[in-house]
Amino acid sequence: MNIKLIAYYDLPYSDENRKYVLAATNKIDYICEAFNQSGMDVNIISISESQGNRFCKGKKVFLSEHTMLTLFPCIPGSNKILRRISSYFMQAVLFVYLILHTETNEKVLVYHSVGYGNAVFWAKKLKKFKMILEVEEIYQNVQNLGFIKNKREYRDFRLADGYIFPTKLLNDLINVEHKPYAVIHGTYHVEPKRNVSFQDNKIHVVYAGTFDSKKGGAAAAISAAKWLPENYHVHILGFGSEQEIQKIKDLVLETVPQTKAAISYDGLLAGEEYIQFIQKCHIGLSTQNPDASFNDTSFPSKILSYMANGLRVVTVRIPAIETSAIGKDVYYYEEQTPEKIAEAILKIDFHDAYDGRKKIAVLDQQFCGDLKEIILK
């Protein structure tokens, strides 16, 4: 059985500079692995556009024995006008591809994005394939999309024949017709121990994630360092715009003379470099603003990354986490203040029987079964 998966996707080592999001790519990779484990081949249909000043040829790339990536040709997107033209071009190419290459009742997995425009909507209406929608969040809860895109987002939710959600809460909100669904909080890929260490006898705490000021997680982690003793080191890893990155760097520099603990900005790491760095740490922080609307439905995937690498996790107490499959495997703080975050960090018992890797392995097996069921229904 072959599954088509529509998404923005590119290879991290590609020289074509196509648009994609690393976190989404990691989750897509894992979902493909889950399909493969269930005996299904996957064809990722990517509509990633060029962000540079070159034309890109369409091509097919085998990512593994059972997963293939189809990339469409794309035109330069080096300025605002060309990016708009490129977006419409890609939507047109996707529509034609779906018309030519899908069958009635065929299951097609679509990674939710308002960037597809009407391409998937009209192709599904005409070819009557079954759309399984992978929904990470309701985008209009995070950013101002405008009236038309707001309506289109909920139209696409209603159009789906099944869903994959990061939380049960999001299912309860979107899946009002009780269609088939599966829940995956993030990537359930257990990382083997690398046996690495900073070898300084300190307790290393890491925040790894977005520097988006609306989510506020990085700034909260930095502020918490002021309340930690000298045997702690807080590391800040992540991504954002140039302005957001500079703001975090400045905040770290301002905090250094105000804390007994060490604190450092360690850049954006990926792949093996990220894994080795994370495994040198003991505690992972999930410290986003609990009052933001996206917290009602989205799940911080960084929590699973921490657990898969053997770290204990400190997080704000919100329903999306507390009601999740790992709700009893993390350490909570109740108020979004530096003092309370630090207090939760200091309460961690490193002599308990905690095993984050074991929990992630159980969730991996469970999701593979759920995914197979939703496709074969």
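Up top you'll find the structure we're talking about.
Computed from a predicted model, the values in this text were never measured in an experiment. (Residues numbered from 1 in each chain as written. Predicted model: local features only at pLDDT ≥ 70, side-chain atom pairs only at ≥ 80, totals over all residues. Heavy atoms only, no water.)

Side note on the packing of helix H2 (residues 80-101) against helix H3 (residues 119-127)
And then number 1: Two numbers describe how H2 lies on H3: the axes approach to 9 Å, and their chain directions differ by 20°. Taken together, the axes of H2 and H3 lie roughly parallel to each other. Our pair here, H2 against H3, has a crossing hand that is right-handed. Along its contact with H2, which presents Gln91, Leu94, Phe95, Leu98 and Ile99, the element H3 presents Ala119, Val120, Trp122, Ala123, Leu126 and Lys127.
And then number 2: Of the residues assigned to the contact of H2 with H3, the class counts are nine nonpolar, one polar and one charged. (Axes fitted to C-alpha atoms, helices over the stretch in contact; angles between N-to-C directions. Helix = DSSP H or I, 4+ residues; strand = E, 2+ residues; numbered from the N terminus. Parallel < 35°, antiparallel > 145°, perpendicular 65-115°, else oblique. Left-handed = near helix turned anticlockwise from the far one by under 90°. Contact = heavy atoms within 4.5 Å. Nonpolar A, V, L, I, M, F, W, Y, C, P; charged D, E, K, R; others polar.)

Here we look at the packing of helix H6 (residues 217-224) against helix H11 (residues 338-346)
And then number 1: Packing of H6 against H11 brings their axes to within 8 Å, and their N-to-C directions diverge by 75°. If you check the angle between H6 and H11, you find them roughly perpendicular. For the pair formed by H6 and H11, the contact residues are Ala220, Ser223 and Ala224 on the first element and Pro338, Ile341 and Ala342 on the second.
And then number 2: Each residue belonging to the contact of H6 with H11 can be placed in one class, and the counts come to five nonpolar, one polar and no charged.

Notes on the pairing of strand S5 (residues 107-111)
Regular strands place side chains that alternate from one sheet face to the opposite one.
And then number 1: Summarising burial for S5: five of the five residues are buried, a large majority.
And then number 2: Taking every second residue as pointing to the same face, both faces of S5 are buried, with Lys107, Leu109 and Tyr111 on one and Val108 and Val110 on the other.
And then number 3: Sheet analysis places strand S1 (residues 2-7) next to S5, joined by three bridges and oriented parallel. Residue pairing across strands places Ile6 opposite Val110, the latter belonging to S5. (Buried < 20%, exposed > 50% of the residue type's maximum accessible area, 1.4 Å probe, protein only. Pairing = 2+ DSSP bridges.)

What about the sheet that holds strand S8 (residues 181-183)?
And then number 1: With mixed pairing, eight strands are arranged side by side in an open sheet as S3-S4-S2-S1-S5-S6-S7-S8. Of all strands in the sheet, those bounded by a partner on one side alone are strand S3 (59-64) and S8. Each neighbouring strand pair of the sheet contributes to a mean axis angle of 20°, computed without reference to strand direction.
And then number 2: Contacts between helix H1 (residues 22-37) and the sheet are confined to S1, strand S2 (41-46), S3, strand S4 (67-71), S5 and strand S6 (130-134), with S2 contributing the most and set at about 155° to the helix.
And then number 3: Helix-sheet contacts for helix H4 (residues 147-159) involve S6 and strand S7 (162-165), and the interaxial angle to S6 is about 125°.

Examining the pattern of salt bridges
And then number 1: Scanning all chains against the criterion turns up 18 salt bridges.
And then number 2: Residues Arg18 and Glu16 are paired through a salt bridge, measuring 2.7 Å at the closest nitrogen-oxygen approach. Across this residue pair, the class does not change: Arg18 and Glu16 are buried.
And then number 3: The shortest N-O distance in the salt bridge between Asp172 and Lys168 comes to 2.8 Å. On the criterion of helical spacing, the pair formed by Asp172 and Lys168 is a turn pair, its members being four residues apart in helix H5 (residues 168-174).
And then number 4: Residue classification places Asp172 among the partly exposed residues on the basis of a relative accessible area of 45%.
And then number 5: Looking at Lys168, the relative accessible area reads 39%, which means it is partly exposed. (Salt bridge = Lys/Arg side-chain N within 4 Å of Asp/Glu carboxyl O.)

A short note on a positive patch on the surface
And then number 1: On the surface, Lys80, Arg83, Arg84 and Lys149 cluster together to form a positively charged patch.
And then number 2: Tracing the backbone through its elements, the reader meets Arg83 in helix H2.
And then number 3: Residue Arg83 is classed as partly exposed on the basis of its relative accessible area of 43%. (Patch = residues over 30% accessible without salt bridge, like charges linked within 9 Å, V, L, I, M, F, W, Y side chains within 5 Å. Areas by Shrake-Rupley, 256 points an atom, 1.4 Å probe, with all protein chains shown as cover. Lys, Arg positive; Asp, Glu negative; His and termini not counted. Charge placed at Lys NZ, Arg CZ, Asp CG, Glu CD.)

Considering the side chain of His204
And then number 1: In this structure, His204 sits in strand S9 (residues 203-210).
And then number 2: Once residues within four sequence positions are removed from consideration, His204 is found in contact with Phe198, His233, His235, Lys280, Cys281, His282 and Ile283.

Topic: the sheet that holds strand S11 (residues 262-265)
Backbone hydrogen bonds hold the strands of a sheet together, and the pairing may be parallel or antiparallel.
And then number 1: Taken in spatial order, the six strands line up as S11-S10-S9-S12-S13-S14 in an open sheet, and their pairing is parallel. At either margin of the open sheet sits one strand with a lone partner, and together these are S11 and strand S14 (331-333). In this sheet, neighbouring strand axes are inclined to one another by 20° on average, regardless of whether the strands run parallel or antiparallel.
And then number 2: As defined by bridge partners, strand S10 (residues 232-239) adjoins S11 across four bridges and the pair is classed as parallel. Among the inter-strand pairings, Val234 is bridged to a residue of S11, identified as Ile263.
And then number 3: Helix H8 (residues 271-279) contacts S9 and S10 of the sheet and is inclined by roughly 160° relative to S10.

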